[in-house]
Amino acid sequence: MYGNHDTETALVPDEGDSERQAEFDALIADDQRIEPRDWMPDAYRRTLIRQVAQHAHSEIIGMQPEGNWITRAPSLRRKAILIAKVQDEGGHGLYLYSACETLGVDREDLLDRLHGGRQKYSSIFNYPALTWADVGAIGWLVDGAAIMNQVALCRCSYGPYARAMIRICKEESFHQRQGFEILHTLAHGTPAQKEMAQDAVNRFWAPALMMFGPPDDASPHSAQSMAWGIKRFSNDELRQRFVDMSVPQAEVLGLSLPDPDLRWNDERGHYDSGELDWDEFARVISGDGPCNAQRMSRRIRAHEDGAWVREAAQAYAAKQAARTLEVAAS
Amino acid sequence: MTQTPQNPAPNPAAGNGSDRRGWPLWEVFVRARRGLAHQHVGSLHAPDAALALQNARDIYTRRSEGVSIWVVPSSAIVASSPQEKDSFFDPALDKAYRHPTFYDIPEGVEHL
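Residues numbered from 1 in each chain as written. Chains lettered and ligands numbered in written order. Predicted model: local features only at pLDDT ≥ 70, side-chain atom pairs only at ≥ 80, totals over all residues. Heavy atoms only, no water.

### A short note on the overall build of chain A
Okay, so step 1: Of the regular secondary structure elements, chain A holds 14 helices and 2 strands.
Okay, so step 2: Its C-alpha atoms give chain A a radius of gyration of 22 Å, within 12% of the compact-globule value 20 Å for 330 residues.
Okay, so step 3: Principal-axis analysis of the C-alpha atoms gives chain A an extent of 75 × 50 × 35 Å.
Okay, so step 4: Residues classed as buried in chain A amount to 52% of the 330 residues present.
Okay, so step 5: For chain A, long-range pairs separated by at least 24 residues make up 77% of all intrachain contacts whose partners lie at least 6 apart in sequence.
Okay, so step 6: Across chain A, the 36 positively charged side chains and the 49 negatively charged ones have centroids separated by 6 Å. (Helix = DSSP H or I, 4+ residues; strand = E, 2+ residues; numbered from the N terminus. Rg over C-alpha atoms; globule rule 2.2 N^0.38 Å. Buried < 20%, exposed > 50% of the residue type's maximum accessible area, 1.4 Å probe, protein only. Contact = heavy atoms within 4.5 Å. Lys, Arg positive; Asp, Glu negative; His and termini not counted. Charge placed at Lys NZ, Arg CZ, Asp CG, Glu CD.)

See the structure below:
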């Protein structure tokens, strides 16, 4: 609720910028939140639009790998849970698109940019969900890594983004737990089930760690985002926390993590872990992952197949509005 | 000082049937439980009020977060300008006597 819809005008720099810049800097220094109708530097707005849109796109593309398993869930209980989870991901996308629009962009433009490949989504969703255990690994590791990132974003300097993150974090913890429960059940089942769980963890562990983004020394925008209070912790810090948190959880599952270099470092008080394959990350991000083409074509098809629904709703609204006018005139 | 909304009020009848860009934006307010005021939770797009309410239910109350929802066309909201916040709110700043802590009360006086 920001009123007056004048964010467009705020996109045009004007003469009073240095004074407004000082006010903006003071708010950031004071750990206050920036709200939609406040003046903000162009680069701050652009950075947020890119990040929030990419986040929103990730939520709705993220519906696909798991949505694929709804019809094959092993029980009615699992199916009902999975439907609720996939619906949540859609909802999270909508919270984030709504937050992004407060920055003065149009929802349809954001979708156009996704469909045209001009905006990205998280690389993790370009990996396939091959078995039911993958649904568990996605919940435990992918949602777990997402929560680690998102809890930090609840304190982001941009108010609407931080508020959306708070809602999302509340809902995500169910996602991570249901994933853990799936893996725990499989890991304590038959040898074949345990093997399936281990295989899923083997495939998802490294891609989940890459969700935190490139190492700090190779992350060009990080320093500025930290200075603006958009990011509160560096990529490597969050990745380390996630590793430290996951190792004992894997022990409870009775599954191993696929990294021969993973061991406790007493001196650092953290787990050491092996190098990640950042060439693979770059390839997947730039479109050459196992499922990029499939994810995009399904997304675009869903949007096109839904056109008649949007048109019907629009036509109905127009008809009702015309009737209201007629009644008022008679 | 308030500003006049620059966008016209949503008029679904004016949209052309195939263009979703015509769908207006609605702000959503949810009453979490009886006794509390409605609170702003976010926004959504919908062609009319009935669908806005239905979408608001699906998007913002999947976990019984509310017992009542308001949807308001975003363009109907008139907001104070952040640029004028100092002068706009200034009249309240120098009237400390509006707060009970302004007054000196002798020790020992109760129920005051």
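After that view, the rundown keeps rolling.
### Topic: the confidence of the model for chain A
All names here are of chain A.
Okay, so step 1: The pLDDT averaged across chain A works out to 93; a share of 95% of its residues lies at or above 70.
Okay, so step 2: The weakest mean pLDDT in chain A belongs to helix H1 (residues 7–10) at 44; the strongest belongs to helix H9 (residues 191–210) at 98.
Okay, so step 3: This model gives residues 5–11 a pLDDT under 50, and the stretch forms 17 contacts once residues within four places in sequence are excluded. (pLDDT = per-residue confidence, 0-100.)

### Topic: the packing of aromatic side chains
All names here are of chain A.
Okay, so step 1: Tallied over the entire structure, the rule returns 14 aromatic pairs over all chains.
Okay, so step 2: Taken together, a centroid distance of 6.0 Å and an interplanar angle of 20 degrees make the contact between Trp-205 and Phe-242 stacked. Of this pair, Trp-205 sits in helix H9 while Phe-242 sits in helix H11 (residues 235–253); the two residues are 37 residues apart in sequence, bridging distant segments of the chain.
Okay, so step 3: The exposure class of Phe-242 is buried, given its relative accessible area of 1%.
Okay, so step 4: A connected cluster of aromatic rings, assembled from ring pairs, spans Phe-24, Trp-39, Tyr-44 and Trp-228.
Okay, so step 5: A cation sits over an aromatic face here: Arg-241 above Phe-233, 4.2 Å from the ring centre. (Phe/Tyr/Trp six-rings, centres within 6.5 Å; stacked < 30°, edge-to-face > 60°. Lys NZ or Arg CZ within 6 Å of the ring centre and 35° of its normal.)

### Looking at the pattern of salt bridges
Residues and elements named next belong to chain A.
Okay, so step 1: For the structure on display, the rule yields 21 salt bridges over all chains.
Okay, so step 2: A salt bridge links Lys-85 to Glu-89, with the shortest nitrogen-to-oxygen separation between them at 3.2 Å. Of the two residues, Lys-85 and Glu-89 are both situated in helix H5 (residues 76–101); the distance of 4 residues between them amounts to about one turn of the helix. Glu-89 carries the same exposure label as Lys-85, and that label is buried.
Okay, so step 3: Here Asp-199 and Arg-203 are joined by a salt bridge, their closest N and O atoms 2.9 Å apart. Of the two residues, Asp-199 and Arg-203 both sit in helix H9, 4 residues apart, roughly one turn of that helix.
Okay, so step 4: For Asp-199, a relative accessible area of 32% gives the class partly exposed.
Okay, so step 5: Among the charged side chains, a network of salt bridges with common partners joins Glu-66, Lys-85, Glu-89 and Asp-143. (Salt bridge = Lys/Arg side-chain N within 4 Å of Asp/Glu carboxyl O.)

### Here's the deal with helix H14 (residues 307–329) of chain A
Okay, so step 1: Given a rise of 1.5 Å per residue, 23 residues ought to cover 33 Å, and the 33 Å separating the end C-alpha atoms of H14 of chain A matches this to within 8%.
Okay, so step 2: Buried within H14 of chain A we find Arg-310, Ala-313, Gln-314, Ala-317 and Ala-321 of chain A.
Okay, so step 3: If you follow the buried residues of H14 of chain A, they end up packed against helix H13 (292–305) of chain A together with helix H1 (49–60) of chain B. (Expected span 1.5 Å × (residues − 1).)

### Some thoughts on unusual backbone geometry
Okay, so step 1: Residue Asp-31 of chain A is not a glycine yet carries a positive backbone phi of 60 degrees.
Okay, so step 2: Mapping Asp-31 of chain A onto the fold places it in the loop between helix H2 (17–29) and helix H3 (42–61).
Okay, so step 3: According to the relative accessible area criterion, Asp-31 of chain A is partly exposed, its value standing at 40%.
Okay, so step 4: A positive phi is found at His-111 of chain B, a non-glycine position, where the angle reads about 55 degrees.
Okay, so step 5: In this fold, His-111 of chain B is placed in the segment after helix H2 (85–93).
Okay, so step 6: Classification of His-111 of chain B as exposed rests on a relative accessible area of 82%.

### Here's the deal with the sheet that holds strand E3 (residues 68–73) of chain B
All names here are of chain B.
Okay, so step 1: In space, the 3 strands of this open sheet follow the order E2-E1-E3, with antiparallel pairing throughout. Edge positions in the sheet fall to strand E2 (39–45) and E3, since each has one partner strand and no second. Put simply, the sheet's adjacent strands are angled 30 degrees from each other on average, direction ignored.
Okay, so step 2: By the bridge criterion, 6 bridges tie strand E1 (residues 25–31) to E3 in an arrangement that is antiparallel. From the neighbouring strand, Val-28 faces E3, where its bridge partner is Val-71. (Pairing = 2+ DSSP bridges. Axes fitted to C-alpha atoms, helices over the stretch in contact; angles between N-to-C directions.)

### Regarding the packing of H9 of chain A against H11 of chain A
A pair of packed helices is captured by two measures, namely the crossing angle of their axes and the spacing between those axes.
All names here are of chain A.
Okay, so step 1: Direction vectors running N to C along H9 and H11 enclose 150 degrees, while the axes themselves pass 9 Å from each other. For the element pair H9 / H11, the angle class is roughly antiparallel. Counted together, Trp-205, Leu-209 and Met-210 of H9 and Arg-239, Phe-242, Val-243 and Ser-246 of H11 form the full contact between these two elements.
Okay, so step 2: Taken together, the residues of the contact of H9 with H11 break down into 5 nonpolar, 1 polar and 1 charged. (Parallel < 35°, antiparallel > 145°, perpendicular 65-115°, else oblique. Nonpolar A, V, L, I, M, F, W, Y, C, P; charged D, E, K, R; others polar.)

### Here's the deal with the nonpolar core
Okay, so step 1: Grouped together as the largest cluster of nonpolar side chains are 94 residues, with contacts concentrated most on Tyr-44, Leu-48, Tyr-158 and Tyr-161 of chain A together with Leu-44 of chain B.
Okay, so step 2: Here this core takes 13 residues from helix H7 (residues 132–153) of chain A, the largest share from any one element.
Okay, so step 3: In contact with Leu-44 of chain B, not counting residues within four places along its chain, are Arg-107 of chain A together with Pro-24, Leu-25, Trp-26, Val-28, Ala-52, Asn-55, Ala-56, Ile-59 and Tyr-60 of chain B. (Core = buried A, V, L, I, M, F, W, Y, C linked by side-chain atoms within 4.5 Å.)

### Notes on the packing of H5 of chain A against H7 of chain A
Residues and elements named next belong to chain A.
Okay, so step 1: Interaxial distance between H5 and H7 falls to 13 Å at its minimum, and their mutual angle equals 45 degrees. With respect to their mutual orientation, H5 and H7 come out oblique. Relative to H7, H5 is oriented so that their crossing is left-handed. Touching Arg-78, Leu-82, Lys-85 and Glu-89 of H5 are Trp-132, Val-135 and Asp-143, all from H7.
Okay, so step 2: Residue composition of the contact of H5 with H7, grouped by class: 3 nonpolar, no polar and 4 charged. (Left-handed = near helix turned anticlockwise from the far one by under 90°.)

### Things to note about the side chain of Thr-47 of chain A
Okay, so step 1: Its place among the elements puts Thr-47 of chain A in helix H3.
Okay, so step 2: Given the relative accessible area of 12%, Thr-47 of chain A is considered buried.

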